[in-house]
Amino acid sequence: MQHDLRARLARPGILLAPGVYDAFSALIAEQAGFEALYLSGASIAYTRLGRSDVGLTTYTEVADVLARIAERVRIPVIVDADTGFGNALNVMRTVRGFEAAGAAMIQLEDQTFPKRCGHLDGKGVVPAAEMVGKLRAALDARARPSTLVLARTDAVAVEGLEAALDRAEQYLEAGADALFIEALRTPEQMQAACRRFAGRVPLLANMVEGGKTPIQSAAQLQEHGFGIAIFPGGTARAVAHTLRGYYASLREHGTTAPWRDAMLDFDALNDLIGTPALMALGKKY
Ligand SMILES: C[C@](O)(C(=O)O)[C@H](CC(=O)O)C(=O)O
């Protein structure tokens, strides 16, 4: 794992991070040439639990997935730590654990527990002062100063844009390394967030297909002033679509033959996961 995310964010050009949810998706994304990965809590819930993103996933489950990813890729991983799984003391344990598991950047949000996906209705937020305390705890808990803390506010839906921007300002003052203003609803709101923060701190744009924020390309988001673009759940949605078609076809035809052109074959999959290199290593011993 490389932890040069701070240096990368200081350089011009938006950082585009696709969502991943296991070592397999992480390997494929790394091989596609991305500079960083976003370990999406929603996608862990969807794929590992077959469940909604409503705070059911535990600290241990995320730490486990993160450790497996970090063992297999070299690029930095931004990890979604939800609310930190509790109060400031839980946040400290979460930060230490995720850092040890290989996180380059740890995202914490100001929702009440149990949290829910930022693009679902009915969210609640903790008082800003409580979140500031949690962020300070996170920053104090870091073993490495190179580990970045990304502060997310979900307040747009609860308290409105201005209150959310004020919260973000307080989170920045508390020492957050990057800001994530969740579920901005219009291009105007996105521009307002960028006017307030761009140039002062990297601002993350969250692209959820079918969610509350208008989808824009990384190039468009960079033009607005965003420093990081994530497409967190797109991977799970693409995989869901593919698997639905694949299983329907296998059930109908009783064979994978009609899908062969849309599949990797045995050798290609083994190449992807590094089987030849592993076999060669085994021979050495
Ligand atoms: C960023 C996010 O927290 C995630 O878990 O990936 C989700 C994304 C999603 O639900 O697709 C979010 O709350 O926006």
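Keep in mind it's a predicted model, so treat the numbers as computed, not measured.

(A) Just the overall build of the chain, in detail. When you go through the chain residue by residue, the secondary structure sums to 13 helices and eight strands. Expected size for 285 residues packed as a compact globule is a radius of gyration near 19 Å; at 19 Å, the chain falls within 12% of this value. Principal-axis analysis of the C-alpha atoms gives the chain an extent of 55 × 45 × 35 Å. Residue burial in the chain is summarised as follows: out of 285 residues, 49% are buried. When contacts within the chain are restricted to residue pairs at least 6 apart in sequence, long-range pairs at least 24 apart make up 70% of them. When the accessible surface of the chain is summed, it comes to about 13,500 Å², and 54% of that surface belongs to carbon and sulfur atoms. In the chain, 30 positive and 32 negative side-chain charges are present, and the distance between their average locations comes to 3 Å.

(B) Layout of the site of the ligand. Taken together, 16 residues lie near the ligand, and S40, A42, G118, E182 and N206 sit nearest. In this structure, an oxygen atom belonging to the ligand sits 2.8 Å away from a side-chain N or O atom of D80. At a separation of 2.5 Å, an oxygen atom of the ligand approaches a polar side-chain atom of E182. Here the ligand loses 100% of its free accessible area of 350 Å² to cover by the protein chains.

(C) Highlighting empty space enclosed by the protein. One pass over the structure, following the stated rule, counts two cavities of 30 Å³ or more. For the largest cavity, the calculated volume is near 160 Å³. A42, D53, N206, V208 and P232 are the residues nearest the centre of the largest cavity, which is lined by 19 residues in total. When the residues that make up the lining of the largest cavity are grouped by side-chain class, the tally is eight nonpolar, five polar and six charged. In this structure, the second largest cavity spans a volume of roughly 50 Å³. Considering the residues around the second largest cavity, the lining is formed by I181, E182, A183, L184, M190, L204, A205, N206, T213 and F226. A per-class count over the lining of the second largest cavity returns seven nonpolar, two polar and one charged.

(D) Focus on the layout of surface pockets. Approximately 660 Å³ is the volume found for the largest pocket. Every element with two or more residues in the lining of the largest pocket is listed here: β1 (15-20), α2 (23-31), α11 (234-253) and α12 (266-273). Ranked by the residues each element gives to the lining of the largest pocket, the list is headed by α11, at six residues. Across the lining of the largest pocket, the residue classes tally to 17 nonpolar, four polar and one charged. Here the second largest pocket is characterised by a volume of approximately 280 Å³. Top element by residues in the lining of the second largest pocket is helix α1 (residues 5-10). It accounts for four residues. Of the residues belonging to the lining of the second largest pocket, the class tally is 10 nonpolar, four polar and five charged.

(E) Highlighting the domain arrangement of the chain. Here the chain is partitioned into domain 1 (5-233) and domain 2 (240-284). A separation of 32 Å is found between the C-alpha centroids of domain 1 and domain 2.

(F) Here's a closer look at the nonpolar core. Core analysis: the biggest nonpolar cluster contains 63 residues, and L39, F98, L179 and I181 have the highest contact counts within it. The element contributing the most residues to this core is helix α6 (residues 128-141), with seven residues. Other than its neighbours up to four places away in sequence, F98 contacts Y59, V62, A63, L66, V79, D80, A81, F85, A103 and I106.

(G) Just unusual backbone geometry, in detail. Here the amide bond leading from F113 into P114 is cis, since omega sits at 0 degrees, within 30 degrees of zero. Position of P114 relative to the elements: it lies in the loop between β4 (105-109) and α6. One non-glycine residue, F85, adopts positive backbone phi at about 65 degrees. Note on placement: F85 falls in the loop between β3 (77-80) and α5 (88-101).

(H) Molecular detail of the packing of α2 against α12. Here α2 crosses α12 at 85 degrees, and the two axes come no closer than 10 Å. By the angle between their directions, the pair α2 and α12 is classed as roughly perpendicular. Every residue of α12 that contacts α2 at F24, L27, I28 and Q31 is listed here: L269, L272 and I273.

(I) Layout of the pattern of salt bridges. By the definition in use, this model includes 19 salt bridges. A salt bridge links D177 to R142; its shortest N-O distance comes to 3.1 Å. One end of the pair, D177, is in the loop between α8 (161-173) and β6 (178-181); the other, R142, is in the loop between α6 and β5 (148-153), and 35 residues separate them in sequence. Residue classification places D177 among the buried positions, given a relative accessible area of 15%.

What counts, and at which threshold
- Residues numbered from 1 in each chain as written.
- Predicted model: local features only at pLDDT ≥ 70, side-chain atom pairs only at ≥ 80, totals over all residues.
- Heavy atoms only, no water.
- Helix = DSSP H or I, 4+ residues; strand = E, 2+ residues; numbered from the N terminus.
- Rg over C-alpha atoms; globule rule 2.2 N^0.38 Å.
- Buried < 20%, exposed > 50% of the residue type's maximum accessible area, 1.4 Å probe, protein only.
- Contact = heavy atoms within 4.5 Å.
- Areas by Shrake-Rupley, 256 points an atom, 1.4 Å probe, with all protein chains shown as cover.
- Lys, Arg positive; Asp, Glu negative; His and termini not counted.
- Charge placed at Lys NZ, Arg CZ, Asp CG, Glu CD.
- Near = heavy atom within 4 Å.
- Polar contact = N/O pair within 3.5 Å; in protein donor to acceptor, adjacent residues only side chain to side chain.
- 1 Å grid on protein atoms, 1.4 Å probe; cavity = no way out; pocket = protein on both sides within 12 Å on 5 of 7 lines; lining within 4 Å.
- Points joined across faces, edges and corners; volume = space filled by probe spheres on them.
- Nonpolar A, V, L, I, M, F, W, Y, C, P; charged D, E, K, R; others polar.
- Domains from an automatic or database assignment.
- Core = buried A, V, L, I, M, F, W, Y, C linked by side-chain atoms within 4.5 Å.
- Axes fitted to C-alpha atoms, helices over the stretch in contact; angles between N-to-C directions.
- Parallel < 35°, antiparallel > 145°, perpendicular 65-115°, else oblique.
- Salt bridge = Lys/Arg side-chain N within 4 Å of Asp/Glu carboxyl O.

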